[in-house]
Amino acid sequence: MKELIVILMGAVLVNNYVLSQFLGICPFLGVSKKVDQAVGMGIAVTFVMLVASAVTWPIQRFLLDRFELGYLQTIVFILVIAALVQFTEIVLKKYLPALHKSLGIYLPLITTNCAVLGVTINNISDGYNFIESLVSSLGCGLGFLLAMILFSGVRGRMEGNESAVPASFRGLPITLTAAAIVSLSFLGFGGVIENLFG
Amino acid sequence: MINVLIAVLSVTVIGALCAVLLVLAAKYMHVPEDERFPKVRACLPGANCGACGYTGCDGYAKALIENPDVRSNLCIPGGDATAAELARVLGRAVEDVEEQVAVVCCRGDCSATQNKYAYEGMQTCAAAAALFGGPGSCSYGCMGFGDCAGVCPVDAICLNDGIAHVDPRVCIGCGMCVRTCPHHIIHMVPAVSRVVVLCQSHDKGAVTRKNCTNGCIGCMKCEKACPSDAVHVKDGLAEIDQRKCTHCEACYAACPTGAIARFVGGGAPQAPEQQ
């Protein structure tokens, strides 16, 4: 049980995919303008990560490892993720049309969200078993959600205060600067897990 | 050999399973689209140029269906035919499209202007404009690297003697070049226009004259010559209000530098004046 908590908290705080490992920056910058959209995107990505790990782990273990097809890992995983994202899009369009509309083009782009591919491949290379990889992907998804919410809050304040930003920094430059500062703040979590549970 | 077979088979099987999942999902969770959407979309030309102000033809079609206040004559490339077709499908009154064409408002070709420095950087207008307003002696004028020609979807723009020219018979009026030009010297004018001011320099007359022999020096002769109050000089530059213009060409005759030029529009090729 303790190992699972360590994996979960580590994925959310210490090895946060967006803020510490810089994966999945495209939706992080693209959909973080409003908090509700950011939450929707975070949940969609978490869902895709969870299902993708649940599907790719058995594929890796029972197919690729058994027949020594490790070199097919990337292509097979991307195939599975792309199908899952399409599936998520169909589900959202049917049951949550408002969210589907507000996510717009960024929803199909989860297909190429490297955080999703990253979490499935890291689960394998870290040698996690099935339960551990599920927990790890849940943690990564929650970490992504947390980063999106934090950053959309920061951005909300900046958008309302356009005049406080120097003219040459308005728009993307100040957004990237703010992202860097939020990312710096996550450095503070380094070592927390080791000291709590170590 | 067997290894290759296993690899190919496994990817194929996984792909097929994913396909089955998606087909089933699409079947059981199908959301019926507005049945007018395919019809409205079929009326639009599909250039996705953005002249209507929406994100592509799909966006415009959706806006037309969802909001009855969205006007049906915004598709400039499609012209009157598309507007009429849209009005028929949507059951509205037909609104005419005012065909527009792009004009590069600069006559500062190589014989009229000099370079103030030798530019050897990236060969794009956007990069050159960032360096002291471009290499040309006139910082308002066309730099001639052809950013506009690069974005034109119908190849209506050619570069000739250091400046860009729009062929009005080919131009579909999408406005992409207008948005691209870093000096903002490309303007949309009604296709029926007969005279245009081919200069954007707001400098004083003497400065403009020094930089370019074809520039507008703000002498006010055109303003005085115009019988219908359509031409006015603002900030040292003549401007023609095409809505008041009666195509008498008095300003063209009066202009001492040639900054006001005759313009043979055309817009849609079916315009009767063209043939």
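Definitions and limits used
Residues numbered from 1 in each chain as written. Chains lettered and ligands numbered in written order. Predicted model: local features only at pLDDT ≥ 70, side-chain atom pairs only at ≥ 80, totals over all residues. Helix = DSSP H or I, 4+ residues; strand = E, 2+ residues; numbered from the N terminus. Buried ≥ 20, exposed ≤ 12 C-beta atoms within 10 Å, placed from the backbone. Contact = placed C-beta atoms within 7 Å. Expected span 1.5 Å × (residues − 1). pLDDT = per-residue confidence, 0-100. Nonpolar A, V, L, I, M, F, W, Y, C, P; charged D, E, K, R; others polar. Core = buried A, V, L, I, M, F, W, Y, C linked by C-beta atoms within 7 Å. Domains from an automatic or database assignment. Pairing = 2+ DSSP bridges. Axes fitted to C-alpha atoms, helices over the stretch in contact; angles between N-to-C directions. Left-handed = near helix turned anticlockwise from the far one by under 90°.

Novice: Looking at this structure, how should I read the overall build of chain A?
Specialist: When its secondary structure is counted, chain A shows nine helices and zero strands. Counting helices and strands in the order they occur from the N terminus, chain A gives α-α-α-α-α-α-α-α-α. Scored against the burial criterion, the 198 residues of chain A give a buried share of 37%. Pairs at least 24 apart in sequence give 79% of the contacts found in chain A among residues at least 6 apart.

Novice: For this particular structure, what's the right way to read the overall build of chain B?
Specialist: Per the secondary structure count, chain B includes 10 helices and eight strands. Taken over 275 residues, chain B has a buried fraction of 37%. A sequence separation of at least 24 residues applies to 58% of the contacts in chain B between residues at least 6 apart.

Novice: Where do I start with helix α1 (residues 2-28) of chain B in this structure?
Specialist: Given 3.6 residues to a turn, an α-helix orients residues that are three or four positions apart in the same direction. With 27 residues, α1(B) ought to run about 39 Å at 1.5 Å a step, and its terminal C-alpha atoms sit 39 Å apart, in line with that. For α1(B), the buried fraction is low: one of the 27 residues fall into the buried class.

Novice: Would you explain the confidence of the model for chain B in this entry?
Specialist: Regions with low pLDDT carry predicted coordinates that are not meant to be interpreted in detail. Residues and elements named next belong to chain B. Across chain B, the average pLDDT comes to 85, with 96% of residues at 70 or higher. Per-residue pLDDT stays below 50 along residues 267-275; that stretch engages in 13 contacts with residues further than four places along the chain or on separate chains. Predicted complex, confidence summary: ipTM 0.74, pTM 0.58.

Novice: I would appreciate a short explanation of the interface of chain B and chain A in the present structure.
Specialist: The interface is formed by 13 residues belonging to chain B together with 15 residues belonging to chain A. Class assignment for the residues of the side of chain B that touches chain A results in 11 nonpolar, two polar and no charged.

Novice: Sorry if this is basic, but what is going on with the environment of B:Cys251 here?
Specialist: Residue and element names in this part refer to chain B. With respect to the helices and strands, the residue Cys251 is situated in helix α10 (residues 250-254). For the pair Cys251 and Ala230, spaced 21 residues apart in the sequence, the C-alpha separation amounts to 9.7 Å. Those residues in contact with Cys251 that lie beyond four places of it in its chain are Val195, Cys222, Ala225, Cys226, Val231 and Ile260.

Novice: In this structure, what is going on with the nonpolar core? I would like to understand it.
Specialist: One recurring pattern in soluble globular proteins is that nonpolar side chains are buried together. Ranked by size, the top nonpolar core spans 67 residues in total, and within it B:Val103, B:Val104, B:Cys105, B:Val196, B:Val197 and B:Ala238 carry the most contacts. The two domains that each donate at least three residues to this core are domain 1 (36-90) and domain 2 (100-270) of chain B. Filtering out sequence-adjacent residues up to four positions away, B:Val197 remains in contact with B:Cys105, B:Cys216, B:Ala238, B:Glu239, B:Ile240, B:Ala259 and B:Ile260. A:Val12, A:Leu13, A:Leu23 and A:Val76 belong to the second largest nonpolar core, which has 46 residues in total.

Novice: What is the right way to read the pairing of strand β7 (residues 237-240) of chain B from this model?
Specialist: Within a regular strand, the side chains alternate between the two sheet faces. All names here are of chain B. Taken together, the four bridges between strand β6 (residues 231-234) and β7 define a ladder with antiparallel strand orientation. Across the sheet, residue His232 finds its bridge partner in β7, namely Glu239. In this antiparallel pair of consecutive strands, β6 and β7, the connection spans two residues, and Asp235 shows a positive phi of 50°.

Novice: In this structure, what is going on with the packing of helix α3 (residues 35-64) of chain A against helix α6 (residues 114-125) of chain A? I would like to understand it.
Specialist: Packed helix pairs are specified by the crossing angle of their axes together with the interaxial distance, meaning the distance between the axes. All names here are of chain A. Contact pair α3 / α6: the axes reach a minimum separation of 9 Å and the direction vectors enclose 40°. Judged by the sense of rotation from one axis to the other, the crossing of α3 with α6 is right-handed. Contact residues: Val45, Val48, Met49, Ala52, Ser53, Thr56, Trp57 and Gln60 in α3; Ala115, Val116, Val119, Thr120, Asn123 and Ile124 in α6.

Novice: Got a minute to help me understand helix α4 (residues 73-95) of chain A in this structure?
Specialist: Taking 1.5 Å per residue, 23 residues should reach 33 Å; α4(A) reaches 33 Å between its end C-alpha atoms and fits that length. All of the buried residues in α4(A) are A:Val76, A:Phe77, A:Val80, A:Ile81, A:Ala83, A:Leu84, A:Val85, A:Thr88, A:Ile90 and A:Leu92.

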